[in-house]
Amino acid sequence: MNFSKKNSLFSWMPQLNPQVWILAFGRFLSEVGTGFTLFYAPIFFVNQVGLSATAVGFALGSASISGVVGRILGGAFSDSQDWGRRKTLLLSAAISAIASLVLASANNFSILVIGNLLVGLGQGLYWPANESVVADLTAPEQRHEAYAITRLADNLGLGMGVVLGGALISATGAYRTLFIVDAVSFVVFFGVVYFAIKETYKPVDAKAAISLKSSWQIALSDRRLLIYVLVNIIFTTYISQLQSTLPLYLKNFVALNASGAEFTEGTISVIFGWHLAIAIFTQLPVVRGLKRFTHPQSLIFSAVMWAIGFILMWVTGVATDYQLWWAIGALSVFAIAIVSYTPSASALITELAPKSQLGVYFSISSLCWAAGYFIGPPLGGWALDQTPVFADNFWLGLALSVSILISILYYLEQMLSPKP
């Protein structure tokens, strides 16, 4: 009887390969550490170390330079018989742990850039291999929910990390400890992959194999993929604003009420904790609700949510009261925007990519993140170095840019639609 009740309790969970769940657990542990630093690094390096917002934005954006190299190597290694997905994930975890330790010791612009270059390399190696593992272990009809589960693990870990990091900062002010915790989390992730994840890459038939150069040439000649690349760069530029620009904007530009009380690190951590809680609880319902739509249609829904979120953030900055509630509303909408974007974007790549080129296609998709994070933090940092009015209207400009994104997605939808 008890066994039956237990089964019914978890019957709503996707039925996936156990390796997917193990990988998700490893990602959860890793993201706990990332949550410790993600939203507090800009505040620390601007307000504690004394660097300008533009300099910190540039340093954070520099991760995208090495990220390009990492993503190219990550795709090549993932599709290689000598490396495969598992070894690539291990290399990524090791480099990421070293990067966190470098950032823990950073006290000037040069070391901050070096640390972020290592961060970009580690992240670049990670994403093509990780996404390929999930695709290897799932059938096409399972992939929406499989990617949703891994994103759910990301959000759970980030949420816990943000809340614990904010509590640590509020209690001790020990910002550098956050980076050490992040390094430990990557070491734990290395252990999970080393002991629990098997290699999922299956070599293709020798006659069907193609060279790495040819594989990239074929992928870059795919017009559907190139349109998707443009879309993905815009989306990731938006996401980068949440992690680099928005925390600093709330801290330095927005008052909590008419008395002029500022957003503290503790308040910001609570808001982002709420944002991640919304993402956690809506991840599977949103993905299941969007299954009836095509991938571009799901991405159009996400784009609309981004526009609404940016408008609410603009209101947060210009309102004379209830700023906290406007900020909570904006972060809630951003959560829906992200959970409707990430699984649909990953599933679309598995639809576009030939099986033998899955790593390369995911590498190109991941390069979009490098491009978005190269554009986003410097852009946001520059906007915050202007007048307060300009900083407020920056969010309204982002909302207006969504109309361009929706037009491109509509065109992609027409390209992917079956011809009569």
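Residues numbered from 1 in each chain as written. Predicted model: local features only at pLDDT ≥ 70, side-chain atom pairs only at ≥ 80, totals over all residues. Heavy atoms only, no water.

Participant: Please explain the overall build of the protein chain as it appears in this structure.
Facilitator: Helices and strands together make up the secondary structure of the protein chain, namely 16 helices and zero strands. The C-alpha atoms of the protein chain give a radius of gyration of 21 Å, which matches the 22 Å a tight globule of 420 residues would have. Taking the principal axes of its C-alpha atoms as reference, the protein chain extends roughly 70 × 60 × 50 Å. The burial tally for the protein chain puts 57% of its 420 residues in the buried class. Surface summary for the protein chain: the accessible area is close to 17300 Å², and the carbon and sulfur share equals 69%. A distance of 9 Å separates the average location of the 22 positive side-chain charges in the protein chain from that of its 19 negative side-chain charges. (Helix = DSSP H or I, 4+ residues; strand = E, 2+ residues; numbered from the N terminus. Rg over C-alpha atoms; globule rule 2.2 N^0.38 Å. Buried < 20%, exposed > 50% of the residue type's maximum accessible area, 1.4 Å probe, protein only. Areas by Shrake-Rupley, 256 points an atom, 1.4 Å probe, with all protein chains shown as cover. Lys, Arg positive; Asp, Glu negative; His and termini not counted. Charge placed at Lys NZ, Arg CZ, Asp CG, Glu CD.)

Participant: What's the story with helix α8 (residues 143-172) in this structure? I'm lost.
Facilitator: Structural remark: α-helix, 3.6 residues per turn; residues separated by three or four positions point the same way. Under the 1.5 Å per step criterion, the end-to-end length of α8 is 43 Å for 30 residues, consistent within 8% with the ideal 44 Å. Burial of α8 is extensive: 21 of the 30 residues sit out of reach of the surface. After α8 finishes, the residue Gly173 shows a positive phi value of roughly 70°. (Expected span 1.5 Å × (residues − 1).)

Participant: Explanation requested: the nonpolar core in the structure shown.
Facilitator: Generally speaking, a soluble globular protein has its nonpolar side chains buried in company with each other. The biggest cluster of nonpolar side chains holds 123 residues, and the ones touching the most others in it are Leu225, Phe235, Leu246 and Trp306. No other element matches the 16 residues that helix α14 (residues 323-352) contributes to this core. (Core = buried A, V, L, I, M, F, W, Y, C linked by side-chain atoms within 4.5 Å.)

Participant: Would you mind going over the packing of aromatic side chains with me for this structure?
Facilitator: Taken as a whole and judged by the stated rule, the model has 22 aromatic pairs. Each ring, one from Phe44 and one from Tyr175, has its centre 5.1 Å from the other, and the planes form 20°; the classification is stacked. Here the residue Phe44 occupies a position in helix α3 (residues 41-48), and Tyr175 occupies one in helix α9 (residues 175-196), the gap between them amounting to 131 residues. Accessibility expressed as a relative area gives 6% for Phe44, which makes it buried. Look at Tyr175 and you get buried, because its relative accessible area is 5%. Members of the aromatic cluster, joined through ring pairs, are Tyr238, Tyr249, Phe253, Trp306, Phe310, Phe334, Phe394 and Trp395. Across from the ring centre of Tyr194, 5.3 Å away, lies the NZ or CZ of Arg86, which sits over that ring. (Phe/Tyr/Trp six-rings, centres within 6.5 Å; stacked < 30°, edge-to-face > 60°. Lys NZ or Arg CZ within 6 Å of the ring centre and 35° of its normal.)

Participant: Would you mind showing me how to read unusual backbone geometry here?
Facilitator: A negative phi holds for most residues other than glycine; trans holds for most peptide bonds. Unlike most non-glycine residues, Tyr322 shows phi in positive territory, near 60°. Tracing the backbone through its elements, the reader meets Tyr322 in the loop between α13 (295-318) and α14.

Participant: Is there a simple way to explain the confidence of the model for the protein chain in this structure?
Facilitator: One rule of thumb: low pLDDT means the predicted coordinates there are not for detailed reading. Taken as a whole, the protein chain shows an average pLDDT of 84; of its residues, 91% reach a score of 70 or greater. Of the regions scoring below 50 in pLDDT, residues 1-10 engages in one contact with residues more than four places distant in sequence or in other chains. (pLDDT = per-residue confidence, 0-100. Contact = heavy atoms within 4.5 Å.)

Participant: Help me out: how do you make sense of a nonpolar patch on the surface in this one?
Facilitator: Residues Ile65, Phe374, Ile375, Leu379, Trp382 and Phe390 make up a contiguous nonpolar surface patch of roughly 530 Å² in combined accessible area. A per-element tally of the nonpolar patch places helix α15 (residues 358-384) first, with four residues. As for its placement among the helices and strands, Ile65 is situated in helix α5 (residues 63-78). According to the relative accessible area criterion, Ile65 is partly exposed, its value standing at 47%. (Patch = residues over 30% accessible without salt bridge, like charges linked within 9 Å, V, L, I, M, F, W, Y side chains within 5 Å. Salt bridge = Lys/Arg side-chain N within 4 Å of Asp/Glu carboxyl O.)

Participant: I'm lost on the packing of helix α11 (residues 223-253) against α15 in this one. Help?
Facilitator: Between α11 and α15, the shortest axis-to-axis distance is 6 Å and the interhelical angle comes to 35°. For the element pair α11 and α15, the recorded crossing hand is right-handed. The residue inventory of the contact of α11 with α15, partitioned by class, reads 17 nonpolar, 13 polar and no charged. (Axes fitted to C-alpha atoms, helices over the stretch in contact; angles between N-to-C directions. Left-handed = near helix turned anticlockwise from the far one by under 90°. Nonpolar A, V, L, I, M, F, W, Y, C, P; charged D, E, K, R; others polar.)

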